[in-house]
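# A look at the structure
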Amino acid sequence: MNTTLPRWADLGLIPLLNLLLAFLVSGLVVIFIGEDPIQAVKILLNGSLGSSYGIGFTLYYATTFVFTGLSVAIAFHAGLFNIGGEGQAALGGIGCTLVCLALPWPAWWMALPFALLGSAAFGAAWAFIPGYLQARETTARR
């Protein structure tokens, strides 16, 4: 028995069904609290895409989620399961901020490589303990 889905279903139908189910559930929640779901969608779209200010904030917040999703996808592709992507992104931001505030940089391009190193170091420090425990468990199983 073949249990794999056709490519069109895997790439098109499943995401569409997930989106429709999300709209249905969120619409039911909006109805449950006594508001109009159509009006809620209009407010959502106007706030996120209705002005250049809204588009800027939408892209600002989406960037973090995109890069966090990429980090989890890369680990998953390597056969690992990473549940700390959000923490790594948050600590990476803190590391970048601390490096940028530590010295009075004369130009942004001088601070950029050190800010990248600081963010990588803080994100890696956050991932060190679970990474170490995972490696130790894998070694113990052999």
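Below, the structure is looked at part by part. Keep in mind that what you see is a predicted model, and the values were worked out from it rather than measured.

### Quick look at the packing of helix α2 (residues 37-49) against helix α3 (residues 52-77)
Here α2 crosses α3 at 85°, and the two axes come no closer than 5 Å. Put simply, α2 runs roughly perpendicular to α3. Within the contact between the two elements, α2 uses G47, S48 and L49 and α3 uses G54, I55 and T58. Of the residues in the contact of α2 with α3, the class split is two nonpolar, four polar and no charged.

### Re α3
Here α3 spans 36 Å end to end across 26 residues, near enough to the 38 Å set by a 1.5 Å rise per residue. Of all the bends in α3, the largest measures some 25° and sits at A62. Taken as a whole, α3 has its buried residues at G54, T68 and A75. Looking at the buried side of α3, the elements it contacts are α2 and α4 (85-102).

### What about the packing of α4 against helix α5 (residues 108-141)?
Where α4 meets α5, the closest approach of the two axes is 7 Å, and the angle between their N-to-C directions is 140°. As judged from the angle between their axes, α4 and α5 are oblique. In this structure, the crossing between α4 and α5 has a hand that is right-handed. Within the contact between the two elements, α4 uses G87, Q88, L91, G92, I94, G95, C96, L98, V99 and C100 and α5 uses F114, A115, G118, S119, F122, G123, W126 and A127.

Scoring rules and cut-offs
- Residues numbered from 1 in each chain as written.
- Predicted model: local features only at pLDDT ≥ 70, side-chain atom pairs only at ≥ 80, totals over all residues.
- Heavy atoms only, no water.
- Axes fitted to C-alpha atoms, helices over the stretch in contact; angles between N-to-C directions.
- Helix = DSSP H or I, 4+ residues; strand = E, 2+ residues; numbered from the N terminus.
- Parallel < 35°, antiparallel > 145°, perpendicular 65-115°, else oblique.
- Contact = heavy atoms within 4.5 Å.
- Nonpolar A, V, L, I, M, F, W, Y, C, P; charged D, E, K, R; others polar.
- Expected span 1.5 Å × (residues − 1).
- Bend = angle between axes of the 7 residues up to and from the residue.
- Buried < 20%, exposed > 50% of the residue type's maximum accessible area, 1.4 Å probe, protein only.
- Left-handed = near helix turned anticlockwise from the far one by under 90°.

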